[in-house]
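Reading the structure
Single-letter residue listing:
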Amino acid sequence: MEYLAHRQIQILDVAVAAELLGLRLSNGICQDGRVQAAPRGASVRVRDSLSAMPELPEIEVLRRSLRPMLVSERIVGLRIRNPALREPLDRRRLGRRVRGRRIVELRRRAKYLLIDLEGGYTLVVHLGMSGRLTLVAGDSPVQQHEHVAFRLAGGGRLAFRDPRRFGLVLALPTRRLEADRHFVSLGIEPLGEELSGGTLAGLARGRRGPVKNFLMDGRLIVGVGNIYASEALHRAAVHPRRSVARISLQSWQRLAAAVQVTLRQAIAEGGTTLNDFADGQGRSGYFQVSLRVYGRQGEVCARCGRAVRRIVMAGRSTFYCPGCQR
Ligand SMILES: [Zn+2]
């Protein structure tokens, strides 16, 4: 196949812009922010914000916004319009495990929202690439791609919409959650005390390879996506290509703190820009966070004044400052 150089550059820019906005390109040229060459004459369109791929901070904002409205509600009904999600829904089993049960708590593990129910079951929701979970009035019209809906005793409807159907809805016994195949190989949570300089140094022991890839490995640490990895590395003044075998404990400590500050800031900012999760509209905005280096190649580093650079690592856009990241 033949590709046009200028076309690739153009697509690259759109890909960066799309990832920056939390958007994904619609025609299969780019998935998951990866930049690929496109056939001659291919059209590039950025989808609307319904295609924004949710990252950990968005799931955390979703959890916090739904929690006060859902805890102590009771699920009284279930409607499945399309069971063909990432894993096919088992209507009877899901119904048996959730119907009539009161919601006792909302938790999060990695990018899974966990809705604990009385009676020892947990409703597990993963938004995949394009899923949205919203609480709407029970009598509001069914929305497009609303594949699953839970009717609540208080009159609301918890609706799961997912145009691309990479999402997941299932109910599991709560006590067996950690051992379940969806959870068993997940890395440590980035927001709690589990993440420290010491834990990172321990995870890195005997490993090699660039620290950015290490941070993004969900089997080690969950929830550090491509954008947040670049941001945390800049904050900690660590070069994204530095080998994990050559990082001091002091740098791991800076990095652990930087990951947490970066994610917490995204949660705080996202919570203020994305109230629509809670009111059920779910599509007016994308997750807006302020970024130090991501998408800013050629701009001046706020810390040292050098120009921010863009490189590609493991197929992903990576931004860093050559002046202050070592
Ligand atoms: Zn700098």
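Note that the coordinates shown come from a computational prediction; the quantities given were computed from them, not determined experimentally. (Residues numbered from 1 in each chain as written. Predicted model: local features only at pLDDT ≥ 70, side-chain atom pairs only at ≥ 80, totals over all residues.)

Turning our attention to the pairing of strand β2 (residues 103-109). Note that β2 and strand β3 (residues 112-117) share six bridges and pair antiparallel. Within β3, the position partnered with Arg109 by the bridge is Tyr112. Taking the residues that link successive antiparallel strands as the turn, the β2-β3 hairpin has two residues, and the phi of Ala110 there is positive, at about 50 degrees. (Pairing = 2+ DSSP bridges. Helix = DSSP H or I, 4+ residues; strand = E, 2+ residues; numbered from the N terminus.)

This part is about the sheet that holds β2. If you trace the four strands from one edge of the open sheet to the other, you get β2-β3-β4-β8, paired in antiparallel fashion. Each end of this open sheet is capped by a strand with a single partner; those strands are β2 and β8 (168-173). Neighbouring strand axes in the sheet, compared pairwise and without regard to direction, differ in orientation by 20 degrees on average. With six bridges joining them, strand β4 (residues 121-126) and β8 adopt antiparallel strand pairing. Its bridge partner being in β8, Val125 is matched across the sheet by Val169. Sheet contacts for helix α2 (residues 56-70): β2 and β3; angle to β2, the most-contacted strand, approximately 175 degrees. Sheet contacts for helix α3 (residues 91-98): β3, β4 and β8; angle to β8, the most-contacted strand, approximately 55 degrees. (Axes fitted to C-alpha atoms, helices over the stretch in contact; angles between N-to-C directions. Contact = placed C-beta atoms within 7 Å.)

Right, let's talk about α3 for a bit. If you check which residues of α3 are buried, you get Leu94, Arg97 and Val98. Around the axis of α3, the buried residues are gathered within 85 degrees of arc, so they sit on the same side. Looking one or two places after α3, you find Gly100, whose phi comes out positive at around 85 degrees. (Buried ≥ 20, exposed ≤ 12 C-beta atoms within 10 Å, placed from the backbone. Arc of directions from axis to C-beta.)

Strand order in this open sheet of four strands is β1-β6-β7-β5, and the pairing throughout is antiparallel. Each edge of the open sheet is held by one strand with a lone partner, namely β1 (75-80) and β5 (132-137). Going across the sheet, the axis of each strand differs from the next one's by a mean of 20 degrees, ignoring polarity. Relative to strand β6 (residues 146-152), β1 runs antiparallel, the two being bridged by five bridges. Note that in β6 the partner of Leu78 across the bridge is Phe150.

This part is about the environment of Ile75. Topologically, Ile75 is positioned in strand β1. With 22 C-beta atoms packed within 10 Å, Ile75 lands in the buried category. Discounting residues that sit within four places of it in the chain, Ile75 has contacts with Val98, Arg99, Arg101, Phe150 and Leu152.

Of all six residues in β4, five are buried, a share of seventy percent or more. Judged from the six bridges that link them, β3 and β4 form a sheet pairing that is antiparallel. Looking at β4, one finds that Asp116 is bridged to Thr122. Hairpin connection from β3 to β4: three residues lie between these consecutive antiparallel strands, with Gly119 at a positive phi of about 90 degrees.

Glancing now at the nonpolar core. Grouped together as the largest cluster of nonpolar side chains are 64 residues, with contacts concentrated most on Val98, Ile115, Leu215, Val224, Ala232, Leu255 and Val259. Of all the elements, helix α7 (residues 249-273) adds the most residues to this core, at eight residues. The residue makeup of this core includes at least three contributed by each of domain 2 (56-176) and domain 3 (197-320). Non-local contacts of Val224, meaning those with residues more than four positions away in its chain, are made with Pro190, Leu215, Met216, Ala229, Ala232 and Val259. (Core = buried A, V, L, I, M, F, W, Y, C linked by C-beta atoms within 7 Å. Domains from an automatic or database assignment.)

Now for the environment of Val169. Residue position: Val169 is located in strand β8. Residues Val169 and Pro88, 81 residues apart in the sequence, show an inter-C-alpha distance of 9.0 Å.

Before going further, it helps to spend a moment on helix α6 (residues 226-236). Within α6, 11 of the 11 residues are buried, leaving the element largely enclosed by the surrounding structure. Restricting attention to buried positions, one finds in α6 the residues Asn226, Ile227, Tyr228, Ala229, Ser230, Glu231, Ala232, Leu233, His234, Arg235 and Ala236. Immediately downstream of α6, the backbone of Ala237 shows phi near 60 degrees, a positive value.

Despite not being glycine, His145 shows a phi value in the positive range, around 65 degrees. Of note, His145 is situated in the loop between β5 and β6. Although it is not a glycine, Ala237 sits at a positive phi angle of roughly 60 degrees. Positionally, Ala237 belongs in the loop between α6 and α7. With 18 C-beta atoms counted inside 10 Å, the residue Ala237 sits in the partly exposed group.

Read these as layout, nothing more, since geometry by itself doesn't imply function.
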